[in-house]
Amino acid sequence: MPLLRSSHLLHSHFPTAPTTNRYFPPPGPTTNRLSLPSPQRRRLFTSTAQNPFLSLPFHAKPLLRCFSASSMSASTASPSTSQDCSLLYSRAYWVSESIIAWNVDVGNGSCFLFASKTADLSLTENDGVQGQDLKVKLEEDGYNLPENVIAKFPHIHNYRAYRVPPHLDVKQLLKCQLAVAAFDSDGKCSNATGLQLPGVLDELFSYSGPLGAVYSSEAISLFLWAPTAQAVQALIYKDPSGESSLEILQLEETNGVWSKKGPKSWDGCYYIYEVSVYHPSALKIVKCYANDPYARGLSADGGRTLFVDIASDILKPEGWDKLAYEKPNLLSFSDISIYELHVRDFSATDLTVNDEFRGGYLAFTLQDSAGVCHLKKLSDAGITHVHLLPTYQFGGVVDEKDKWKSVDTKILEKFAPDSAEQQSLITAIQDDDGYNWGYNPVLWGVPKGSYACNPNGSSRILEFRRMVQALNHIGLRVVLDAVYNHLHGRGPFDENSVLDKIVPGYYLRRNTDGFIEQSTCVNNTASEHFMVERLIIDDLLHWVVDYKVDGFRFDLMGHLMKRTMIKSKDALSSLTKERDVIDGSSVYIYGEGWDFGEVAKNGRGINASQFNLYGTGIGSFNDRIRDATLGGSPFGHPLQQGFITGLLLQPNGHDHGPHAEEMLASSKDHIQVGMAANLRDFVLGKSKQVKGSEVLTYDGSPVAYASCPTETINYVSAHDNETLFDIISLKTPMEISVDERCRINHLATSIIALSQGIPFFHSGDEMLRSKSLDRDSYNSGDWFNRLDFTYNSNNWGVGLPPRAKNETNWPLIKPRLAESSFKPQRNHILAAVENFSNLLRIRYSSPLFRLKTANAIQERVRFHNTGSSSIPGVIVMSIEDGHEGLPGLSQLDPIYSYIAVIINACPTVVSFSSPTLRARTLQIHPVQLASADQVVKSSTYEASTGRFTIPPRTTCVFIEPRKT
């Protein structure tokens, strides 16, 4: 998902995003309204007997199959405000066994709870709620909601508390359709609504026992948490498809957990659950057919859950159990550098990979493919981690390759570089091809089937493990993209819905009307609920223990609770090689700490946003350094320039207003703070000491938020938005040469590579990667997302990018794509790859670039070109090591005693003098001296004056060798 600024909001990957402004859903209470059921399904029943509720067994009655085509989910449009539809709302909260919270004052009237085992509740104009099995009076509590309730549900802190009579069998009540209604003193119904149940479910049914298909030496047992279900059956199948089931088993319930013990002969078979449950979006009891939330294997497209013993030796590559002892060395999280890569991008168009492996897991296991050779080159230079975009079972791509559609590339190659024909042909099949980024999770715990040679059976498990093993063996640890903030499906009728079928209304976060929050573009999950948090942590442990992955990048991490992230980190850290055959202390986690939507400002509890994560050791993306370096933001005008793209120094014709000079100075400050790991307490400047937290963004929020270097992920580009080369090509003046744009690309990566904190690079940044200026290529197919590891093309000028997300910018894009001089040649790409590799070598040539503590950074890192007399467009950073005559500073680097980094973003040669840097024995870093870059070699340093002379758009690193 998008790596965008938290204060701006984000999101783009899904076709359901608002068309008026994809970043901001329309305000007000109708944002997430549910649709009305069809007239045939609307239940407006007349009066039934009002008997006291008894704990009686539920009797079968005709139920609607969850995938009925005629059924419309009650969560796709706005309901009427008329009273006869108000049971579609769930505005009251059953927050504990004894308390219902409702924002209604009954005054001298009364409040009642209603329940129907058969979901026959209805509203009539005169009598209010009808059709109940139970009607019981609730007494208003004169006190506020308890503190523990307010902590769990801060958004309803001012609601009134209504006491539930203690004699009720609450556990059985929760299996019913429920409503509360308010009556005035004359007995007339003034308000009625359904209830949200997560609070009481957590209090009564929180569970830490086994879930999923659990293998023992003699049996397989099924466990499913479904406390609101009236009945659960498991349908067992021999094959991944076909109608006939081997057997149908009724599961038995114990305190909300349904279970059944079965024979080992189930192994290799498939199953699905049939869950009979009241679903609030349907206003009835439905039979939902769902996969196991704890599935470890699937049939193609997640049609059925596979019985699979993931610990079986037959699913382990040779040497798998030894992999924890063969992992690439990682002495400190400060030594991490991350390369973000999409599984399909890596090999889909790589002709050095055989057809069967192309675009999938096994492409990573080859030794001599162009892509693997490139990864080896990056690993040798210093990249430590490959971050893979989503690899769990996601929607949007069918698993069976023979069902994919494609466009003949020979046809696409005939069109002009600025033609609209390519995107027209690609978008015509974009939902039926093999491409999607995968930010639409269906089941988290199973590898995506479309990346496997065979999506049925256990092939995907073995192939995924072989991929992890192969990457580890070439020196690269593996990070998985963890998308726990939302789910692709919802409701009882969506084939991609799983969790919302099994415990409706629990896993997905709802607003105060009871409708699913969609600030992440689709169905937001609620990690503040106990069993949601548990599922997340269990899933993380599963991927680390069973697949031996080395880290996680959390998509929209700010939509999870801080507590969830800390528990996750602690659970992972507790894993040991001796007990779990994995070293959990080496597992690194980071994510998008944006603060927006219903969770903003801790609206649903303390969330995992950038500022809240201070002191946790959990990393978050630093959008400040990105925006300052490139200019503007992903939401601003595409021509807004930044520090390296020509702001003030080489205008592109865009009106930046009267404060361009101040904007450039501010951008430099933001970058300098970012290069000091974005530390909240880093003091910037000598004469006027300002902390990083006192440097402010345009909206007045602090730039810095981190407590230590590993809490900052510095980056200038990622899978979201235009590629680095593309955004540079948009923001720089039309008339500059492609050589200059290539140098600017290198300048941007140098800022990230030489910063304290953890550097993050989008795959292809090092090859001048282009997506033909596509700003959101999540579903743009292989054509716009191509990577060429033979270095012959960077994919510039392959047509106007897809209309849906780019048409408003076509007038800017078209003349650039049409201009042949914008396209880099092979020599440019080769130079870019070498320059990038050299930057990594420089970073790993000295521990001074990878300081481990905030204190070490504060003591050793200085910025020299600061203050009112500073030269615009130039950053001068020094890093000092301990040496004789400098008390209190320890020695970290046995080779270099001092490093100076000079970044010249100007289009002209710049000279800079500093008394502090005078009389040193500085020289150009040997990696740069040995490089093919003749420009950087012309940089000079004059010891007598402390004067540096740096060529245009160049970063030069000077080192002072330690005296022997």
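This one's a predicted model, so the numbers in the text were calculated from it and none came from an experiment.

Caption draft 1: Summary view of the overall build of the chain. Within the chain, the regular secondary structure consists of 22 helices and 42 strands. In terms of C-alpha radius of gyration, the chain reaches 30 Å, essentially the compact-globule figure of 30 Å for 964 residues. For the chain, the proportion of its 964 residues judged to be buried stands at 63%. In the chain, of all internal contacts separated by at least 6 residues, the share reaching a separation of at least 24 is 74%. Here the chain displays about 34,400 Å² of accessible surface, and carbon together with sulfur accounts for 51% of that area.

Caption draft 2: Structural detail: empty space enclosed by the protein. As enumerated under the stated definition, the model contains 14 cavities of 30 Å³ or more in all. Here the largest cavity is characterised by a volume of approximately 220 Å³. If you trace the largest cavity, you find 20 residues lining it, with Cys-176, Leu-195, Leu-197, Tyr-278 and Pro-280 closest to the centre. At 3 residues, the largest contribution of residues to the lining of the largest cavity is made by strand S9 (residues 177–183). Here the residues of the lining of the largest cavity are counted per class, giving 13 nonpolar, 5 polar and 2 charged.

Caption draft 3: Focus on the sheet that holds strand S17 (residues 257–263). As summarised here, the arrangement of the 4 strands in space is S12-S13-S17-S16, forming an open sheet in which the pairing is antiparallel. The open sheet has two edge strands, strand S12 (212–215) and strand S16 (252–254), and neither has a second partner. In this sheet, neighbouring strand axes are inclined to one another by 30° on average, regardless of whether the strands run parallel or antiparallel. Relative to S17, strand S13 (residues 219–225) is paired through 7 bridges, and the arrangement is antiparallel. When the bridges of S17 are listed, Ile-220 appears paired with Gly-262.

Caption draft 4: Spatial organisation of the sheet that holds strand S36 (residues 874–880). The strand order S35-S36-S37-S42-S39 describes an open sheet built from 5 strands, whose pairing is antiparallel. The open sheet has two free edges, formed respectively by strand S35 (861–863) and strand S39 (923–924), since each of these has just one partner strand. The sheet contact formed by strand S37 (residues 896–904) and strand S42 (residues 954–961) spans 8 bridges and is antiparallel. Note that in S42 the partner of Asn-904 across the bridge is Thr-954. Contacts from helix H14 (residues 660–675) reach S35, S36 and S37 within the one sheet, and its direction differs from that of S36 by about 20°. Strands in contact with helix H16 (residues 738–753) are S37 and S42; relative to S42, the strand with the most contacts, it is inclined by about 45°.

Caption draft 5: Looking closely at the pattern of salt bridges. In this structure the tally under the stated criterion is 42 salt bridges. Close ionic contact of Asp-681 with Arg-680 constitutes a salt bridge, the shortest N to O distance being 4.0 Å. Residue class for Asp-681 comes out partly exposed when judged on its relative accessible area of 39%. Relative accessible area serves as the criterion here: at 31%, Arg-680 is assigned to the partly exposed category. Each member of the salt-bridge network shares a partner with another, and the members are Asp-481, Arg-553, Asp-555 and Glu-592.

Caption draft 6: Structural context of the nonpolar core. Within the largest apolar cluster, 224 residues are counted, with the highest numbers of intra-cluster contacts made by Trp-94, Leu-113, Leu-174, Trp-225, Phe-552 and Phe-554. One finds Ala-900, Leu-917, Tyr-941 and Phe-958 within the second-largest nonpolar core, a separate group that totals 17 residues.

Caption draft 7: Region of interest: the environment of Thr-955. Here Thr-955 is to be found in strand S42. Measuring from C-alpha to C-alpha, the distance between Thr-955 and Arg-803 comes to 37 Å, with 152 residues separating the pair along the chain. Looking at Thr-955, its side chain comes within polar contact range of the side chain of Ser-750, at 2.7 Å.

Caption draft 8: Summary view of the confidence of the model for the chain. When pLDDT is averaged along the chain, the result is 91, and 91% of the positions lie at 70 or above. A low-confidence stretch, residues 1–85 stays under pLDDT 50, and its non-local contacts, those more than four residues away or across chains, total 255 contacts.

Caption draft 9: Quick peek at the pairing of strand S38 (residues 910–913). What you see with S38 is a clean split: Val-910 and Phe-912 sit on the buried side and Ser-911 and Ser-913 on the side with no burial. Where S38 lies against strand S41 (residues 947–950), 4 bridges are found, and the strand directions are antiparallel. Note that in S41 the partner of Val-910 across the bridge is Ile-950.

Caption draft 10: Fine view of the packing of helix H8 (residues 459–473) against helix H10 (residues 530–547). In contact at an axis separation of 10 Å, H8 and H10 are set at 75° when each is read in the N-to-C sense. By the angle class used here, H8 and H10 are roughly perpendicular. Facing H8, whose interface residues are Ile-461, Phe-464, Arg-465 and Val-468, H10 presents Trp-543, Asp-546 and Tyr-547. Residues that form the contact of H8 with H10 fall into these classes: 5 nonpolar, no polar and 2 charged.

Scoring rules and cut-offs
- Residues numbered from 1 in each chain as written.
- Predicted model: local features only at pLDDT ≥ 70, side-chain atom pairs only at ≥ 80, totals over all residues.
- Heavy atoms only, no water.
- Helix = DSSP H or I, 4+ residues; strand = E, 2+ residues; numbered from the N terminus.
- Rg over C-alpha atoms; globule rule 2.2 N^0.38 Å.
- Buried < 20%, exposed > 50% of the residue type's maximum accessible area, 1.4 Å probe, protein only.
- Contact = heavy atoms within 4.5 Å.
- Areas by Shrake-Rupley, 256 points an atom, 1.4 Å probe, with all protein chains shown as cover.
- 1 Å grid on protein atoms, 1.4 Å probe; cavity = no way out; pocket = protein on both sides within 12 Å on 5 of 7 lines; lining within 4 Å.
- Points joined across faces, edges and corners; volume = space filled by probe spheres on them.
- Nonpolar A, V, L, I, M, F, W, Y, C, P; charged D, E, K, R; others polar.
- Pairing = 2+ DSSP bridges.
- Axes fitted to C-alpha atoms, helices over the stretch in contact; angles between N-to-C directions.
- Salt bridge = Lys/Arg side-chain N within 4 Å of Asp/Glu carboxyl O.
- Core = buried A, V, L, I, M, F, W, Y, C linked by side-chain atoms within 4.5 Å.
- Polar contact = N/O pair within 3.5 Å; in protein donor to acceptor, adjacent residues only side chain to side chain.
- pLDDT = per-residue confidence, 0-100.
- Parallel < 35°, antiparallel > 145°, perpendicular 65-115°, else oblique.

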